[in-house]
Amino acid sequence: MLMLPPYFKDEEANKIVTRFVNKRLLDLMQEIILDEVSWNLAMAGQLNNDAASQNFDELVDIESLIYDMDFAENISMTYLPDNYPIERANYNFFGLYKLLKAKKEYVPELAMEYILYHIIYSAVGEIELIGSEEWEEIFYDDQVFWDEEDEDYSTVINIPEPDRTAVLNAIRNENPNFSEEEIEETINLFEDLREYGNVCFWDTDFTLLDKYTEEEIKNSELNERMGIIDMERSNIIKIPFGDRNGKSASIKTEFLINQWDLEEE
């Protein structure tokens, strides 16, 4: 799961909002993946009723998509900085996806945070467009897609009960001087997608990627002082080998792998 900066003294409240936010972010990523897979099926003439009835895991082969360069190109154009190496796009996108599905909590790499931020606010933009007068003029007047009874689109989704009440109680207990309006504003940080830039990130270092490459950041004096990118890459692991004489040795080789990939099923 994505490790959020702790907001409450109440550990259970922190766990509730972490689970809720992670689930919502995972849903956003699955929508992106499904859109790509559905488009590919449609182009191949395979988007039929059987495909439509399948769930995400049945329809999507993540391990195959990791090597899909068309998907990498779309990810690069939409969620990564200009001139970011396309060969690392899928690694970072699916690295983030697997992080959200992991059991333990982790902080993503810099490019993964960049992707996450742009996924969040791309979704916010789409939702706000659907609720705009411009959208209604284009679609509702002609009744092309929706009727008036169709659901409202909102950036706000409430935490399900009884978890929501537990979080509200934690806010009240830790902030006895808060008004009910301030209490609702606080829980809104976790329920309104527009606020996720404030709750999902420990800092805004990922914005440096708009000006510098990962390698430039890694070799900078700023990185030496601030530790923006870990100099000891977590995806470099030693593999032990033994020779015919029983002597052990090890080699150091680089794999595109993250800590959360090593979790036991």
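Residues numbered from 1 in each chain as written. Predicted model: local features only at pLDDT ≥ 70, side-chain atom pairs only at ≥ 80, totals over all residues. Heavy atoms only, no water.

1. Section: the environment of P85
No. 1: Examined against the element boundaries, P85 turns out to sit in the loop between α5 (69-79) and α6 (89-101).
No. 2: With 13 residues separating them in the primary sequence, P85 and A72 have C-alpha atoms 9.8 Å apart. (Helix = DSSP H or I, 4+ residues; strand = E, 2+ residues; numbered from the N terminus.)

2. Re the packing of aromatic side chains
No. 1: Applying the stated criterion across every chain yields a total of 12 aromatic pairs.
No. 2: With a centroid separation of 5.1 Å and an interplanar angle of 70 degrees, the aromatic rings of Y7 and F8 are classed as edge-to-face.
No. 3: Residue Y7 is classed as partly exposed on the basis of its relative accessible area of 43%.
No. 4: Relative to F190, the ring of F8 has its centre 5.7 Å away and its plane inclined at 40 degrees; by these criteria the two rings are tilted. Of this pair, F8 sits in the segment before α1 (11-43) while F190 sits in helix α10 (residues 180-191), and the two are 182 residues apart along the sequence. Note on accessibility: F8 and F190 belong to one class, buried.
No. 5: Ring-pair connections join several aromatic residues into one group, and the members of that group are Y114, Y117, Y121, F201 and F206. (Phe/Tyr/Trp six-rings, centres within 6.5 Å; stacked < 30°, edge-to-face > 60°. Buried < 20%, exposed > 50% of the residue type's maximum accessible area, 1.4 Å probe, protein only.)

3. Observations concerning the pattern of salt bridges
Oppositely charged side chains can form a pair if their charged atoms are brought close together.
No. 1: According to the stated counting rule, one finds nine salt bridges in the structure shown.
No. 2: With a closest N to O distance of 3.1 Å, E184 and R164 form a salt bridge. Here E184, found in helix α10, pairs with R164, found in helix α9 (residues 163-174); they are 20 residues apart in sequence, far enough to count as distant.
No. 3: Connected through salt bridges with shared partners, the residues E128, D192 and R194 form a single ionic network. (Salt bridge = Lys/Arg side-chain N within 4 Å of Asp/Glu carboxyl O.)

4. Remarks on the layout of surface pockets
No. 1: In this structure, the largest pocket encloses a volume near 820 Å³.
No. 2: Lining the largest pocket are 34 residues; nearest its centre among them are E109, L110, E214, I228 and I229.
No. 3: Contributions of two or more residues to the lining of the largest pocket are made by α7 (110-130) and α12 (214-218).
No. 4: The residue makeup of the lining of the largest pocket, split by class, is 14 nonpolar, six polar and 14 charged. (1 Å grid on protein atoms, 1.4 Å probe; cavity = no way out; pocket = protein on both sides within 12 Å on 5 of 7 lines; lining within 4 Å. Points joined across faces, edges and corners; volume = space filled by probe spheres on them. Nonpolar A, V, L, I, M, F, W, Y, C, P; charged D, E, K, R; others polar.)

5. Let's talk about the packing of α6 against α7
No. 1: Between α6 and α7, the least distance of the axes is 9 Å, while the angle of their chain directions is 70 degrees. Regarding the angle of α6 to α7, the classification is roughly perpendicular. Here A89, Y91, N92, F93, G95 and L96 of α6 come into contact with α7, specifically with A111, M112, I115, L116 and I119.
No. 2: Taken together, the residues of the contact of α6 with α7 sort by class into nine nonpolar, two polar and no charged. (Axes fitted to C-alpha atoms, helices over the stretch in contact; angles between N-to-C directions. Parallel < 35°, antiparallel > 145°, perpendicular 65-115°, else oblique. Contact = heavy atoms within 4.5 Å.)

6. Observations regarding unusual backbone geometry
No. 1: Residue P162 is reached from E161 by a cis peptide bond, and omega for that bond is 5 degrees.
No. 2: Mapped onto the elements of the fold, P162 is located in the loop between α8 (133-140) and α9.
No. 3: You will see that N83, though not glycine, has its phi angle at about 70 degrees, which is positive.
No. 4: If you trace the backbone, N83 turns up in the loop between α5 and α6.

7. Notes on the environment of V107
No. 1: When you line up the elements, V107 lands in the loop between α6 and α7.
No. 2: According to the relative accessible area criterion, V107 is partly exposed, its value standing at 40%.
No. 3: Here the alpha-carbon distance between V107 and M1, two residues 106 residues apart in the chain, equals 8.7 Å.
No. 4: Leaving out residues up to four positions away in the same chain, V107 has contacts with M3, L99, E113, W202 and W260.

8. Things to note about the side chain of E263
No. 1: Note that E263 resides in the segment after β2 (248-254).
No. 2: With no salt bridge to any partner, buried E263 finds its closest opposite charge in K104, at an N-O distance of 5.7 Å.
No. 3: At a separation of 2.9 Å, a polar atom in the side chain of E263 contacts the main-chain amide nitrogen of K103.
No. 4: Reaching out from E263, the side chain makes a polar contact with the side chain of Y106 at a distance of 2.8 Å. (Lys, Arg positive; Asp, Glu negative; His and termini not counted. Polar contact = N/O pair within 3.5 Å; in protein donor to acceptor, adjacent residues only side chain to side chain.)

Remember that the coordinates give geometry; whether it matters functionally is a separate question.
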